[in-house]
Amino acid sequence: LALQLVFWLGLRPLLFTVPHLPPVYAISDVQAATLDAPTLEGLSRASFAPSDLPWTASCKPGYRALRFSLEIPEIPEGGVALVPNVDADNLRVYVNGAAVVASGKMTLPNTSYDANIKSILFVSSGVFHQGANPVDIVMVRATLPYFDVGKPIFAAYDEAWPRLRLRNFILNEYEI
């Protein structure tokens, strides 16, 4: 009984509650596409169709992309926090045409699984401009047949980190 009380009243609220999110930047005009290559050239050749978030695609291994507009009313001096909320083997994120997330191997069949590390990413303020910012997320999937994307979180880093750092710990160091 004592162990159950410790878990349900102490550990569960600490480990499994949804964090109080910081004020997030608005996302609009979501579009999805299938790519022939995980490159900027493949992105430019893709035919995008309107979509919604959350977004999912079920298919054989391949490349997919989401494109949307991110509205930033005022550029934060301390940078922008990004939580992609992407379930894919690996990904690239471009803001205003600049790569802000680019790790791991994207070419099939030899992909890596860097997107399995769920963390709060720091994006420099220098890539954003006030107002609408086009964002492209390019994904690769070589294993499970699903691409899933929840609503990405974009917020001022100085406000997001204190509120999301426990989530970062639980999804990384705690699990390891």
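Residues numbered from 1 in each chain as written. Predicted model: local features only at pLDDT ≥ 70, side-chain atom pairs only at ≥ 80, totals over all residues. Heavy atoms only, no water.

Chemist: Break down the environment of Val30 for me, citing the residues and quoting the values.
Modeler: Within the element layout of this structure, Val30 appears in strand β1 (residues 26–35). According to the relative accessible area criterion, Val30 is buried, its value standing at 11%. Setting aside its immediate chain neighbours within four residues, Val30 contacts Ala49, Pro50, Ser51, Asp52, Leu53, Leu66, Arg67 and Phe68. (Helix = DSSP H or I, 4+ residues; strand = E, 2+ residues; numbered from the N terminus. Buried < 20%, exposed > 50% of the residue type's maximum accessible area, 1.4 Å probe, protein only. Contact = heavy atoms within 4.5 Å.)

Chemist: An account of the side chain of Arg141 is requested, with residue identities and associated values reported.
Modeler: Its location among the elements puts Arg141 in strand β10 (residues 131–141). Relative accessible area serves as the criterion here: at 3%, Arg141 is assigned to the buried category. Side chain to side chain, Arg141 and Asp89 meet in a polar contact 2.8 Å long. When near neighbours in sequence (up to four residues on either side) are disregarded, Arg141 contacts Pro61, Gly62, Asp87, Ala88, Asp89, Leu108, Tyr146 and Phe147. (Polar contact = N/O pair within 3.5 Å; in protein donor to acceptor, adjacent residues only side chain to side chain.)

Chemist: Residue-level account of the layout of surface pockets, with values.
Modeler: The space that makes up the largest pocket amounts to roughly 220 Å³. Along the walls of the largest pocket sit 15 residues, with Pro84, Asp114, Ala115, Ile117 and Leu121 positioned nearest its centre. Residues of the lining of the largest pocket, tallied by class, amount to eight nonpolar, four polar and three charged. (1 Å grid on protein atoms, 1.4 Å probe; cavity = no way out; pocket = protein on both sides within 12 Å on 5 of 7 lines; lining within 4 Å. Points joined across faces, edges and corners; volume = space filled by probe spheres on them. Nonpolar A, V, L, I, M, F, W, Y, C, P; charged D, E, K, R; others polar.)

Chemist: Any chance you could break down the nonpolar core for me, citing the residues and the numbers?
Modeler: One finds Met139 and Phe154 to be the most contacted residues of the largest nonpolar core, which totals 29 residues. Put simply, the parts of the chain that give this core at least two residues each are β1, β3 (55–58), β4 (62–72), β5 (80–83), β7 (90–95), β10, β11 (146–149) and β12 (153–156). Here this core gets four residues from one element, more than from any other, and that element is β4. With residues up to four places along the chain from it excluded, the contact list for Phe154 reads Pro23, Val24, Tyr25, Ile27, Phe68, Leu70, Val80, Ala81, Leu82 and Val135. (Core = buried A, V, L, I, M, F, W, Y, C linked by side-chain atoms within 4.5 Å.)

Purely geometric stuff here, so don't read any function into it on its own.
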